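Understanding the architecture of this molecule
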Amino acid sequence: NAGVTQTPKFQVLKTGQSMTLQCAQDMNHNSMYWYRQDPGMGLRLIYYSASEGTTDKGEVPNGYNVSRLNKREFSLRLESAAPSQTSVYFCASQPGQGTEQYFGPGTRLTVT
Amino acid sequence: GENVEQHPSTLSVQEGDSAVIKCTYSDSASNYFPWYKQELGKRPQLIIDIRSNVGEKKDQRIAVTLNKTAKHFSLHITETQPEDSAVYFCAADTNFGNEKLTFGTGTRLTIIP
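Residues numbered from 1 in each chain as written. Chains lettered and ligands numbered in written order. Predicted model: local features only at pLDDT ≥ 70, side-chain atom pairs only at ≥ 80, totals over all residues. Heavy atoms only, no water.

Moving on: the packing of aromatic side chains. Residues and elements named next belong to chain A. Evaluation of the coordinates by the stated rule reveals 13 aromatic pairs over all chains. Ring centres of Phe90 and Phe103 lie 6.3 Å apart, and the angle between their planes is 85 degrees; on these two criteria the pair is classed as edge-to-face. A residue pair is termed long-range when its members are at least 10 positions apart, and Phe90 in strand 9 (residues 87-94) and Phe103 in strand 10 (residues 102-103) qualify at 13 residues. Accessibility assignment for this pair places Phe90 and Phe103 in one class, buried. (Phe/Tyr/Trp six-rings, centres within 6.5 Å; stacked < 30°, edge-to-face > 60°. Helix = DSSP H or I, 4+ residues; strand = E, 2+ residues; numbered from the N terminus. Buried < 20%, exposed > 50% of the residue type's maximum accessible area, 1.4 Å probe, protein only.)

Laid out in structure tokens, this is it:
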């Protein structure tokens, strides 16, 4: 089992460029999440998907879109990157309510 | 929605001493309270969790206590070791069939040899 995988590991974008962060899990989990982590801010939820075919906004959704492509994959898209989106992005998956969330290795994104 | 506050933001303890990190939450309906450890440059990983029907849970040198009346829970690490140095996050779920977690802002724990 690879667990939760994310690509790319690092990315540098110019303001206004777009990109998609990929996430996949091989644990047959129903729920998947995208977080961003900024110094001193903890983990803030961007979007989540409680099951295949559903997505919902989290705490900081502005400037992002998501796609739950199938049960395994949950992608995060930045349509027009801004310097404020410089952060470390973590994907996570969870089998069900009240259970552990498993995190991917993260993507470090810098927007100049 | 749920609000989780975590204190202190930084904590330094001598190796062998105990460390305590405290969190408060706002949603009285929350039922699940995990703690995650994040080493530098790594992903967060679960170290212990507690559910609302339990007041205390231990796993070797780590324990978590929960006071539902006061809406606070704490992480206790005894006999601290250098490998305990990391950032620790508490979290609370949002209940009502919604599996989201709200995280605290983290505590950077440094163990002084």
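Moving on: the pattern of salt bridges. Using the criterion set out here, one finds six salt bridges over all chains in the structure. We note a salt bridge from Arg36 of chain A to Asp38 of chain A, for which the minimum N-O separation is 3.0 Å. Asp38 of chain A carries the same exposure label as Arg36 of chain A, and that label is buried. Between Glu39 of chain B and Lys37 of chain B there is a salt bridge, with the nearest N and O atoms lying 3.6 Å from each other. Because the salt bridges share partners, they merge into one network encompassing Arg36, Asp38 and Arg44 of chain A. (Salt bridge = Lys/Arg side-chain N within 4 Å of Asp/Glu carboxyl O.)

Residue and element names in this part refer to chain B. Taking strand neighbours across the sheet as the criterion, the five strands line up as 1-3-8-7-6 in an open arrangement whose pairing is antiparallel. With one partner strand each, in any of the chains shown, strand 1 (4-7) and strand 6 (56-59) form the two edges of the open sheet. Pairs of neighbouring strands in the sheet enclose a mean axial angle of 15 degrees, with direction left out of account. The sheet contact formed by strand 7 (residues 62-67) and strand 8 (residues 72-77) spans six bridges and is antiparallel. When the bridges of strand 8 are listed, Leu66 appears paired with Phe73. (Pairing = 2+ DSSP bridges. Axes fitted to C-alpha atoms, helices over the stretch in contact; angles between N-to-C directions.)

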